[in-house]
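Listed below, chain by chain, are the residues.
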Amino acid sequence: MSISARCALAAAMLLALRAAQGYAQAPGPNENATPPAQMEENQRALRTREFLGLGRQPDAKLASDGEKIFGPTCGFCHGADGRGGQGPDLLRSPIVLDDDKGELIGPVIQNGRPDKGMPAFSSMTEDQIRAIAEFLHMQVELAANRGTYQVQNIVTGNAQAGEAYFKGEGKCTTCHSVTGDLAHIGSKMEPLDLQAAELYPEARNNDFGGTRPQRQVTVTLANGKKLTGSLRHLDDFYVSLTDAQGQYHTVATAKGVKVEVEDKLVVHRQMLDKYTDKQIHDLTAYLVTLK
Amino acid sequence: MKSRRLMVLSLLVSLQGVSVAQILDPQKLLQAEPTDTWPTYNGDYSGRRFSPLMQIQSSNVSDLALAWMYRVKTSGPVRGGINPDIKSTPLMVNGILYFTVPDHVFAVDARTGHELWHYDWVDKGGHLVGNRGLGMYGDWLYFMPPDGWFVSLDARTGKERWRKKVADEKMQYFTTAAPMVIGHHVLVGVGGDAIDVQGYLEAHDPETGELQWRWNSTPRKGEPGSETWPNAAAMEHGGGMTWLPGTYDKELNLVYWGTGNPNPVMAGQGRKGANLWTCSIVALNPDTGKLVWWFQGSPHDTHDWDNTETPVLFDGAIDGKPRKLLAQAARNGYFFVLDRTNGASVVSKPFVPLNWSKGVDAKGQPIPDEAKEPTVDGSYLTINWGGGTNWMPPSFSPQTGLFYVNGTLGYALVYLTDTSERPEGYGGFGQPLWSQHILEALDYRTGNVKWSHAYTTADGTQGGNSGPGALTTAGNLLFTGDYNGNLIAFNAANGDILWHFPALHSLSNGPETYMLDGQQYLVAGAGDTLYVFKLAPRRP
C-alpha cells in the first residue's frame, strides 16, 4: 500500500468512527432526531455531573424563565449571570449550593438582607422564586459541570495562509489531497475535531467510546522466520498477532526478536515538534473551507 | 446499669493509665525506613519509598511468586461508571494491612489475605476520583470519605469512633487524601475544582478530632501573598487544594506540602498575578500551621497542573557540600530540587520537553509564557495535557542517588471556553493529541536523565486516570508498572528489566515492602486487587 493510500485509509476510518460514536447514542428513527453531536454532548454532561457528584440536572425551561426575572431584578447587584458585581457572587453561595427548589433562596429574596443592604422582594411569587432558583442552579451547572462547556469559534486563522502551508512548508500534499482523502472534510468534521485530527489523526479516539485502527505488525524471530499480521497486543514482554490465515501467534520479545509495527502516523508525530500556533490555526481555517 | 457503665469506664481509664500496648507505637512514625511496618502512606516521613530490605534483590527477584490476592468486592462500578482502583498505599501494622477505595476501608491479614473487617461509608456527594489511604495513631485509623468527612475508626474492629465535617461537599469540595499523623496532630487535606473554592490544610486532635489549626492555601484580603492576586474577589475563588499527603523533617520540625492549581482552573483572566500559594511547595510548622517558606512550582497556573506531587526528602552533596534537600517531579514537567531548610533552589530543570515556560526566575521558579495559556481557538502545548507526571508516588534511592518518576511525553491543545471577566469553574478544556509513558531515573544533582524506559505499547496513546507508583529497595531494585497490566522490577542502577508479573489491571498505587516472619513481602495494588508476593522457596 502506498503512503498516501495508507493516510487516506486512516482518515476514512477516523470518519467512520466518529459517525459510529454519534449513532450509537442517537434516538430511534421515529423520535425527534437530535443531531448526533448534540446527543454526545448531553451524554458527556450527564456523565460528568454524576462523576463529580453535582446533584440533579437543572430544568432548562424553568431556568430560562428565571433568567428573565433575575436579569432586571437582581442583575444590577449580582450581575446578569449571578457571578457578582457590587453584590456577592451567587454561584459560590452556600445558600444557592445547598438549595434544591427555592426553599433556601426564597426567604432571602422575600425578606432581603437589610444588614447587608439587600432589599426585600416581598411581592415575588412562589413560581417566580422557583424560576430564579432554577436559573441560579443552571448557572452553577454551566460553571461546575465541565461536560456542558461549549467551545466558541475556533476558526480564527487565515485560510489563504493555511492553504499556502498545506501546499508548501507543511508538505501535506505528500500524503493528502483536498480532492481525494480530504474532499469535503470541512463538511464532515466539526472544526474542533478537525483541528485535533490535522495534528494527530487519532487524537479524538481517546474520547470515550473510541477504538483505534488496526495496525499491521511483522515479527522477525531469532532464526530469521517472519510472522506478519494484525497486531493484537504489544508490551515490553510479548507481541501477539493474527496472521492472514486467521492463526493467532504470541511471541516473547526476547533478545533477537525484531518487532516492526506499521506506523502510518510517523510523519504526523515528527511534525508535532514543528508547529506554531499560527500555522495550526491557519491550517484549520483552510481545511474548514473544504466543504 | 449506670454504675456498671461507670465501672467499665473507670476500668478503661485505668487501663489507659498503665499504658496498654498500642497497635502502632507513635514512636514508630519517627523511624526512618522501618522494615517490620509500613505505618504511613509513604512508608516513612521522607516520602522516599525506599526500603533497606534486601532479601529480595536483583539476583533473585525472578523467583518472586504470588503469595495471595485480595479483590475489593464493592457493589461494582461506582457513581460515574468508574470501577474503583486501589490508589491507597496500604498501612501494614502488626501483620494487618489497612487500605481504602473511595467510601470503603478494609483490614486484611498480611500473611493470608483474609479480610478482618470492612467499613462501608454511604456518601452524599463528592468526587470519587480516588482515595489515597489512611493515617494511624495508636489504635486509631483516620479515613476521609469523598463528601468532606474526617472519620476515625478503631483499627481492631473497624468500628467508627467519631466523624468530623472538614469540607462542604455542596460547595464542591471533595476529600480523597490520606490523613497524615505528626506527633499529636492529624493533618487532613481537601480537594475541589468544580466550583471555585479556597484550599486549606487542617490539623486535628487524634483523640477527639477537634480542629487544632487551619492553614489557608490562599491569602485573605490584606494578608501577605495577597499582592499576587488582583483583588479580594479573585482571591476568594482560591484553589491550592491539598489532596496528597506531605512529608516531614523531625529535626527541622517542618512539614512539606504540595498545593494544587488556582481557580478558575484554566481561565486565568480574572486572576492576573502569581496566585500564591497555589501550585506551590510550602513548609509549615506542624504545631502551629504557620508558613515558614514557600516555592511556587507553577506561578499563575492555567493548565490544571497541581503541584501536589510528593516532596521527597533526602540528604545529599551539592558541589561537595552536604545539604538537606527536597526533590519533586512536578506535574508541570519540571524537576525541582530545593534546600529544605529554606526553600532555596538547587535544580529547576524540565524532565520532559515543554513549551509553556520561558525559563526560570532568580528563585528557580518557572516563568509562564502568557502565549501558552488556553485560548478560544486553542493554544498548542508540547507537553502531555495531564502534565509530565501526576499524583503517583515517585521514589528516591539513596543507594543509587537517583529519583525515579513515571512521566508522560505528549502534545495537546488547550482551549478557553469561559471568556467572561468573572470566569468560574474550569473555564476550558484540553485536547490530548499524542502521548507516551516513560519511566525516568533522574540525577538529583543536575536533573539529568541517567536512564529512561519508554514503555512499549501497541500505540503511543495510552489512557487511564490511575498511574503506577514506584518503590526502591537496597536490593538494587525499582518496582513499578506499565500501563499494560505488568508489574515490573527494574535494575535500579541501569534500568534493565529483571522481572514482571501480568496483573489483571495496571498498577494503580505505590508498591510497598516489609518483613514478616523472616520473609520479605512485596505488595502492589492494581485496579480492584491487591497482589502480594514473596520469594518462592528454593529447591534444595
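In this text, all values refer to a predicted model and were calculated from it rather than measured experimentally.

## Considerations on the interface of chain B and chain A
- With 49 residues of chain B in contact, the opposing surface of chain A contributes 46 residues.
- A per-element tally of the side of chain B that touches chain A places strand E28 (residues 428-443) of chain B first, with five residues.
- Split into classes, the residues belonging to the side of chain B that touches chain A amount to 18 nonpolar, 21 polar and 10 charged.

## Re the confidence of the model for chain B
Residue and element names in this part refer to chain B.
- Mean pLDDT over chain B: 93, with 93% of residues reaching 70 or higher.
- Counting contacts from residues 5-18, a segment whose pLDDT is below 50, to residues more than four positions away or on other chains yields one contact.
- In the predicted assembly, ipTM is 0.92 and pTM is 0.92.

## Let's talk about the sheet that holds strand E3 (residues 238-243) of chain A
Residue and element names in this part refer to chain A.
- The strand order E4-E3-E2-E1-E5 describes an open sheet built from five strands, whose pairing is antiparallel. The open sheet has two free edges, formed respectively by strand E4 (248-252) and strand E5 (258-261), since each of these has just one partner strand. Each strand of the sheet is rotated relative to its neighbour by a mean of 40°, with strand direction disregarded.
- Relative to E3, strand E2 (residues 226-234) is paired through five bridges, and the arrangement is antiparallel. Each residue of the ladder has a partner; that of Leu234, found in E3, is Val239.

## Observations regarding the pairing of strand E9 (residues 149-154) of chain B
Residues and elements named next belong to chain B.
- In terms of burial, E9 is a largely internal element, five of the six residues being buried.
- With four bridges connecting them, strand E8 (residues 140-143) and E9 associate as antiparallel partners. Following the sheet pairing, Trp140 is matched in E9 by Asp154.
- Counting the residues between successive antiparallel strands, the hairpin from E8 to E9 contains five residues, one of them, Gly148, with a positive phi of roughly 80°.
- Where E9 lies against strand E10 (residues 160-165), five bridges are found, and the strand directions are antiparallel. Each residue of the ladder has a partner; that of Ser152, found in E10, is Trp162.
- Between the antiparallel neighbours E9 and E10 lie five residues, among them Gly158 with a positive phi of about 80°.

## Overview of unusual backbone geometry
Residue and element names in this part refer to chain B.
- A cis amide bond, omega -10°, links Asn263 with the succeeding residue Pro264.
- Along the polypeptide, Pro264 turns up in the loop between strand E16 (254-258) and strand E17 (280-284).
- Backbone torsion omega between Leu276 and Trp277 reads -10°, so that peptide bond is classified as cis.
- Among the secondary structure elements, Trp277 is positioned in the loop between E16 and E17.
- Its identity is not glycine, yet Cys279 carries a phi of approximately 45°, on the positive side.
- Relative to the assigned elements, Cys279 resides in the loop between E16 and E17.
- Located in the positive-phi region is Asn476, a residue other than glycine, with phi close to 55°.
- Tracing the backbone through its elements, the reader meets Asn476 in the loop between strand E30 (471-473) and strand E31 (477-481).

Scoring rules and cut-offs
Residues numbered from 1 in each chain as written. Chains lettered and ligands numbered in written order. Predicted model: local features only at pLDDT ≥ 70, side-chain atom pairs only at ≥ 80, totals over all residues. Contact = placed C-beta atoms within 7 Å. Helix = DSSP H or I, 4+ residues; strand = E, 2+ residues; numbered from the N terminus. Nonpolar A, V, L, I, M, F, W, Y, C, P; charged D, E, K, R; others polar. pLDDT = per-residue confidence, 0-100. Pairing = 2+ DSSP bridges. Axes fitted to C-alpha atoms, helices over the stretch in contact; angles between N-to-C directions. Buried ≥ 20, exposed ≤ 12 C-beta atoms within 10 Å, placed from the backbone.

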